[in-house]
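What follows is each chain in one-letter form.
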Amino acid sequence: MTYDAHFRVWRGDADGGDLQDFTVEVNEGEVVLDIIHRLQATQANDLAVRWNCKAGKCGSCSAEINGRPRLMCMTRMSNFTEDETVTVTPMRTFPVMKDLVTDVSFNYVKAEQIPAFAPPEGVAPGEYRMAQVDVQRSQEFRKCIECFMCQNVCHVIRDHEENKEAFAGPRFFIRAAELDMHPLDAGTDRAEFARDAQGVGMCNITKCCTEVCPEHIKITDNAIIPMKERVVDRRYDPLTILARKVRGKK
Amino acid sequence: MPEIETHSYDVLVIGAGGAGLRAAIAARQEGLSVGIVCKSLFGKAHTVMAEGGAAASMGNVNPHDNWMVHFRDTMRGGKFLNSWRMAELHAKEAPDRVWELETYGALFDRTPEGKISQRNFGGHEYPRLAHVGDRTGLELIRTMQQKIVSLQQDDARAAGQQTGASHDKLRVFAETTITELLRDESGAVAGAFGYRREDGGLLVFRAPAVIIATGGIGKSFKVTSNSWEYTGDGHALALRAGSSLINMEFVQFHPTGMVWPPSVKGILVTESVRGDGGVLRNSEGKRFMFDYVPDVFRDQYAKTEDEGDRWYTDPDNNKRPPELLPRDEVARAINSEVKAGRGSPHGGVFLDIASRRSKEFILRRLPSMHHQFMELADVDITREPMEVGPTCHYVMGGIEVDPDTGAAARVPGLFAAGESSGGMHGSNRLGGNSLSDLLVFGRRAGLGAAEYVKGLGGNRPAVPEAQVAAAEQVALAPLQRTEGENPYALHAELQQTMNDLVGIIRNADEMQQALDRLDTLKGRAQHLAAAGDRRFNPGWHLALDLRNMLAVSECVARAALLRQESRGGHTRDDFPAMRAEWRAKNLVCTYPEGGGGHVEIVEQPMVPMREDLLALFEKKELAKYLTDAELATIPETHGGDK
Ligand SMILES: Cc1cc2nc3c(=O)[nH]c(=O)nc-3n(C[C@H](O)[C@H](O)[C@H](O)COP(=O)(O)OP(=O)(O)OC[C@H]3O[C@@H](n4cnc5c(N)ncnc54)[C@H](O)[C@@H]3O)c2cc1C
Ligand code: SF4
Ligand code: SF4
Ligand code: FES
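In this text the structure is predicted, and so the values were computed from the model without any measurement.

Caption draft 1: Highlighting the overall build of chain B. Within chain B, the secondary structure is distributed over 19 helices and 20 strands. With respect to the principal axes defined by its C-alpha atoms, chain B has extents near 70 × 60 × 55 Å. Of all 642 residues assigned to chain B, the portion counted as buried reaches 68%. Restricting the contact set of chain B to residue pairs at least 6 apart, pairs at least 24 apart contribute 73%. Approximately 21,100 Å² of chain B is accessible, and the part contributed by carbon and sulfur atoms is 49%.

As structure tokens, this is what we get:
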């Protein structure tokens, strides 16, 4: 089952770089990350790549494989024919640091702008009571492993550096939605925040983010669309405005 | 040569896993400024990989549970070698620490009454693990990551900023590696030295208190569930700074790692599979664990399959199935079955949940296991059994600490928590007891460090320039050699050595061989050369990590050679029995000054267990663990289940 594969790996840094050709051994059951590691150990000791869990749990190893955003550790070599060239490039939306490693600090900045979970007043630790059906909605979003592939693929920022300031991106729309749907969050106006500070209005529901999510989070259907609708409802529907005033939330 | 960047904090935390983050939160909440350093991106520490859950006797599922039962289980799991004080604090405080996470925004799975749901796990008498499906570690790390951000937002508001976060008093230095601790003339901690992975820039952190929370050592072994981060850095930093390590001979081999395909060998299969009803079978289809219940556990486990199966629905009237014995027992049993020729096609045994639980149940309770096997091994666990075998998973050994404050032995200002500290788990850790350990002792170390710093007043230890220069030289050496050993090749040899010679079953001959080889490898490691420059250069990083792996491996091998008995995560062919006289002592590793960089080990008697804790056990049970002399002081009418 062992064969020699042809790999093209982008090497370079912020100043530029190019695709380099490698011939490298592939064994049964291996994933792209195994091959990158083999290159590192045998042909390119200083090849830069991020990884941790090698099991799709940490979201470190995102890259573009033959132009498609993938987790390298979850992409089996059996997806490719033996004579197919496998091209591995860094995520395009973020500035390159070196080789396959990009500067993802954009995402950490956006995370810092979202008002944190606000614990409900008067509920002591240990006294939190929530039904499984209610937490489940937010739990879907908390499955996010922060691979940032949805951010990478979203056309609003993929080739539009200028939009990054005003647009938080799908990863952080689900964070806002998660807090919005959290049964005990005392924070208010999560949906309004998504509109005013996160730029959810710039999203035109292409669903590219949902398609690429390795955790199969229904980013568009379950987070973005409900948030957009809620914003609209709340702005125009006097009943919701009233209800919001009465309940202090939503 | 670019300048060395300097930062100053009251407390420096090395590690952004559960322990490090919880420590940082505690220290910041005490009003101190805190720097956090980690090798990966923020939110990617090893804790993210934890699956099964966090053990805490909240009693949400079975109201009979309480801290005393948890304490007993922990001591039994560790075969009584645990620091009883740590086991006590852990059992008592774990529920509060888990509940606290909900106030940070965590969303655990719920019971029908809306409380935090709890699941069964090996060695735990009652369902005890708070969990979120099989991605509990992700929930833990994300929750604390977000709590850190929320503290930074509080700081921003306090500074008059409308939105966003302030990094002035709490800052994360991601993708930054500490290579040396710095100490003043008196030996007290003064800070730490490291490099930034991105550009190879060098940094000095000035801090009167340093908390080590760097996790484990598994990357010294070939088959492991651990990531590249687990190179024992914190263990080695502490050794080199003059502190000591205990229990290093105890390495946990998790019984169920993936065995096929070869490239995923070692990746973890969560114990929840068994907690939720999965069973182990050999090639003859037999549930072999019934043949491997050791005497010490005979009374606590089911004798028949029927009884074991009834336990899942009626735990009060039946005993648990032996698949849920502590990990060391199950790992050894699997090893024996494979050796006896009753293994699975790829050298493991079968773990079967498909024939025992519905597809819906499996998909709900074990979604990431289903995904992992589907994607990586083409196995649908709702339809077919998995193939599993032991994998190096966790190190019980670690930095010797004061149980109450996390203060590391022998070095003022040094603290440790989490997997990098030792004592809590004795000779074997129970599943789920690590995540709770991180929370309980992370917080305690943060408070301990805060108290220490406040006690110093204005008298902060100074960083000696000579140490910085020496650390810089060591760090850059592999880049300056144009020819020498390839770090990847040396690493592979080290992993093979530890795997083959200091693995799950050990004997004196092999360990002696291992020590000889480690000696040679240590010599060769002097000549490691890293191709390329300082910018994000994994070859260089590995060259520096290897120094730590070699130091820690030597501790493991030397301590294992000395301990002439089998107990928990230390099994000797040549000394197969557990021996009470060995329970009464710890093996303490140090790097004596002028010792030529060799590990020295001394025996240290254990502090006898406090009366009231001893009283939680029946004398009959204590007799399995204590020496005759110890037993003689205990009255016949003593203790027992309450
Ligand atoms: C696959 C898997 C599943 C598990 N499941 C469970 C479970 O269900 N329940 C349970 O209780 N336990 C579980 N464990 C064990 C548990 O996850 C770990 O023991 C625990 O997460 C360790 O946490 P920590 O905070 O001590 O260290 P980690 O989370 O590993 O964090 C260590 C930190 O230190 C940093 N670091 C290391 N060296 C340096 C350095 N030189 N300079 C700077 N930073 C450094 C790292 O970058 C990282 O941020 C599991 C372990 C694995 C591998
Ligand atoms: S659906 Fe919206 S957020 Fe998602 S990729 Fe498309 S534009 Fe971006
Ligand atoms: S939402 Fe999905 S794609 Fe986006 S960062 Fe999270 S896991 Fe990755
Ligand atoms: S290495 Fe963790 S997701 Fe790929």
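From this point on, the discussion continues.
Caption draft 2: View of the sheet that holds strand S10 (residues 202-206) of chain B. All names here are of chain B. What the four strands build is an open sheet, ordered S1-S10-S9-S8; its pairing is mixed. Edge strands, defined here as strands with exactly one partner in the open sheet, are strand S1 (5-8) and strand S8 (176-183). Geometrically, the sheet is characterised by an average inter-axis angle of 25 degrees between neighbouring strands, direction not taken into account. Pairing analysis gives five bridges linking strand S9 (residues 189-196) to S10, with the strands arranged antiparallel. Residue pairing for S10: Gly 191 is matched across the bridge by Arg 206.

Caption draft 3: Fine view of the state of the cysteines. Applying the stated criterion across every chain, the model contains zero disulfides over all chains. Cys 555 of chain B supplies the cysteine sulfur nearest to Cys 589 of chain B, a cysteine that is in no disulfide, at a spacing of 4.0 Å.

Caption draft 4: Focus on the interface of chain A and chain B. Each partner contributes residues to the interface: chain A has 60 residues there, and chain B has 64 residues. Between chain A and chain B lies a buried interface of about 5,100 Å² when both sides are counted; carbon and sulfur atoms form 53% of it. Considering only the surface of chain A that becomes buried against chain B, Lys 57, Glu 112 and Arg 142 of chain A emerge as the three largest contributors, covering 15% of it. Inspection of the chain A/chain B interface yields 41 residue pairs in polar contact (both at pLDDT 80 or more). A total of five residues in the side of chain A that touches chain B trace back to one element, the largest contributor, which is helix H3 (residues 132-142) of chain A. Of the residues contributing to the side of chain A that touches chain B, the split by class is 30 nonpolar, 13 polar and 17 charged.

Caption draft 5: Expanded view of the site of ligand 3. The environment of ligand 3 is made up of Cys 144, Ile 145, Glu 146, Cys 147, Phe 148, Cys 150, Ile 174, Cys 213, Pro 214 and Ile 219 of chain A. Residues that form the shell around ligand 3 fall into these classes: nine nonpolar, no polar and one charged.

Caption draft 6: Representation of the packing of aromatic side chains. Going through the model one piece at a time under the given rule, you end up with 15 aromatic pairs over all chains. With a centroid separation of 5.9 Å and 75 degrees between ring planes, the pair formed by Tyr 108 of chain A and Phe 148 of chain A is classed as edge-to-face. Within this pair, whereas Tyr 108 of chain A is found in helix H2 (residues 105-113), its partner Phe 148 of chain A is found in the loop between H3 and helix H4 (149-153), the two being separated by 40 residues in sequence. Each of the two residues, Tyr 108 of chain A as well as Phe 148 of chain A, counts as buried. An angle of 85 degrees between the planes, with centres 5.3 Å apart, marks the rings of Phe 167 of chain A and Phe 173 of chain A as edge-to-face. A network of ring pairs unites the aromatic residues Trp 67, Phe 71, Phe 80, Phe 617 and Tyr 625 of chain B as a single cluster.

Caption draft 7: Fine view of the environment of Arg 22 of chain B. All names here are of chain B. Mapped onto the fold, Arg 22 is located in helix H1 (residues 18-29). Ignoring sequence-local partners within four residues, the contact set of Arg 22 consists of Arg 97, Glu 100, Tyr 104, Met 144, Leu 438, Leu 439, Gly 442 and Arg 443. Among the polar contacts listed, one links the side chain of Arg 22 to the side chain of Glu 100, at a separation of 2.8 Å.

Caption draft 8: The arrangement of the site of ligand 2 in detail. Looking at ligand 2, there are 13 residues lining it, with Cys 154, Cys 203, Thr 206, Lys 207 and Cys 209 of chain A nearest. Counting residues per element, the ones that place at least two in the shell around ligand 2 are helix H5 (155-158), helix H8 (208-212) and helix H9 (219-236) of chain A.

Caption draft 9: Spatial organisation of the layout of surface pockets. Roughly 1,000 Å³ of internal volume is contained in the second largest pocket. Along the wall of the second largest pocket there are 38 residues; nearest its centre are Asp 109, Gly 133, Asp 134, Arg 364 and Pro 367 of chain B. Broken down by secondary-structure element, the contributors of at least two residues to the lining of the second largest pocket are H3 of chain A together with helix H9 (359-365) and helix H10 (367-377) of chain B. Taken together, the residues of the lining of the second largest pocket sort by class into twelve nonpolar, 14 polar and twelve charged.

Caption draft 10: View of the confidence of the model for chain A. For chain A, per-residue confidence averages 92 on the pLDDT scale, and 93% of positions sit at 70 or higher. This model gives residues 244-250 of chain A a pLDDT under 50, and the stretch forms 17 contacts once residues within four places in sequence are excluded.

Caption draft 11: Spotlight on the pattern of salt bridges. All names here are of chain B. In the structure shown here, the tally under the stated rule is 74 salt bridges over all chains. Here Asp 533 ties to Arg 535 by a salt bridge, and the two come within 3.0 Å at their closest N and O atoms. For Arg 535, a relative accessible area of 32% puts it in the partly exposed group. A salt bridge links Asp 574 to Arg 572, with the shortest nitrogen-to-oxygen separation between them at 2.8 Å. Relative accessible area serves as the criterion here: at 31%, Asp 574 is assigned to the partly exposed category. Linked through salt bridges whose partners overlap, the residues forming this network are Arg 85, Glu 88, Lys 92, Asp 404, Arg 610 and Asp 612.

Caption draft 12: The side chain of Gln 151 of chain A, seen in detail. All names here are of chain A. Topologically, Gln 151 is positioned in helix H4. Within the structure, Gln 151 has its side chain in polar contact with the backbone nitrogen of Arg 171 (distance 3.0 Å). Excluding its chain neighbours within four sequence positions, the residues that come into contact with Gln 151 are Thr 93, Phe 94, Phe 106, Asn 107, Ile 157, Ala 168, Gly 169, Pro 170, Arg 171 and Phe 172.

Caption draft 13: Region of the structure containing the packing of helix H4 (residues 136-158) of chain B against helix H11 (residues 433-456) of chain B. Residue and element names in this part refer to chain B. Between H4 and H11, whose axes approach to 11 Å, the crossing angle comes to 15 degrees. Classified by the interaxial angle, the pair formed by H4 and H11 is roughly parallel. Every pair of crossing elements has a handedness; the one defined by H4 and H11 is left-handed. Contacts between H4 and H11 involve Thr 136, Gly 137, Leu 140 and Met 144 from the first element and Leu 435, Leu 438 and Leu 439 from the second.

Caption draft 14: Quick peek at the pairing of strand S4 (residues 68-71) of chain A. Residues and elements named next belong to chain A. Burial along S4 is one-sided: Pro 69 and Leu 71 are buried, and none of Arg 68 and Arg 70, which face the opposite way, are. Bridge count for strand S3 (residues 62-65) against S4 is four bridges, and the pairing is antiparallel. Paired with Ser 62 across the bridge in S4 is Leu 71. What sits between the antiparallel neighbours S3 and S4 is a turn of two residues, in which Asn 66 has the positive phi angle 50 degrees.

Caption draft 15: Representation of the sheet that holds strand S6 (residues 129-130) of chain B. Residue and element names in this part refer to chain B. An order of S4-S6-S5 is seen for the three strands of this open sheet, with the pairing classed as antiparallel. Either end of the sheet is taken by a strand with one partner, and the two such strands are strand S4 (54-55) and strand S5 (118-119). With two bridges joining them, S5 and S6 adopt antiparallel strand pairing. The residue of S6 that forms the bridge with Arg 119 is Leu 129.

Caption draft 16: Representation of the environment of Phe 121 of chain B. Residue and element names in this part refer to chain B. Following the sequence through the fold, Phe 121 ends up in the loop between S5 and S6. Along the backbone, Phe 121 and Arg 206 are 85 residues apart, and their C-alpha atoms lie at a distance of 43 Å. If we skip the residues at most four places from it in the chain, Phe 121 touches Gly 52, Leu 129, Thr 270, Glu 271, Ser 272, Arg 320, Leu 324, Arg 327, Gly 431 and Gly 432.

Rules of the game
- Residues numbered from 1 in each chain as written.
- Chains lettered and ligands numbered in written order.
- Predicted model: local features only at pLDDT ≥ 70, side-chain atom pairs only at ≥ 80, totals over all residues.
- Heavy atoms only, no water.
- Helix = DSSP H or I, 4+ residues; strand = E, 2+ residues; numbered from the N terminus.
- Buried < 20%, exposed > 50% of the residue type's maximum accessible area, 1.4 Å probe, protein only.
- Contact = heavy atoms within 4.5 Å.
- Areas by Shrake-Rupley, 256 points an atom, 1.4 Å probe, with all protein chains shown as cover.
- Pairing = 2+ DSSP bridges.
- Axes fitted to C-alpha atoms, helices over the stretch in contact; angles between N-to-C directions.
- Disulfide = S-S within 2.5 Å.
- Buried area = accessible area lost by both parts, 1.4 Å probe.
- Polar contact = N/O pair within 3.5 Å; in protein donor to acceptor, adjacent residues only side chain to side chain.
- Nonpolar A, V, L, I, M, F, W, Y, C, P; charged D, E, K, R; others polar.
- Near = heavy atom within 4 Å.
- Phe/Tyr/Trp six-rings, centres within 6.5 Å; stacked < 30°, edge-to-face > 60°.
- 1 Å grid on protein atoms, 1.4 Å probe; cavity = no way out; pocket = protein on both sides within 12 Å on 5 of 7 lines; lining within 4 Å.
- Points joined across faces, edges and corners; volume = space filled by probe spheres on them.
- pLDDT = per-residue confidence, 0-100.
- Salt bridge = Lys/Arg side-chain N within 4 Å of Asp/Glu carboxyl O.
- Parallel < 35°, antiparallel > 145°, perpendicular 65-115°, else oblique.
- Left-handed = near helix turned anticlockwise from the far one by under 90°.

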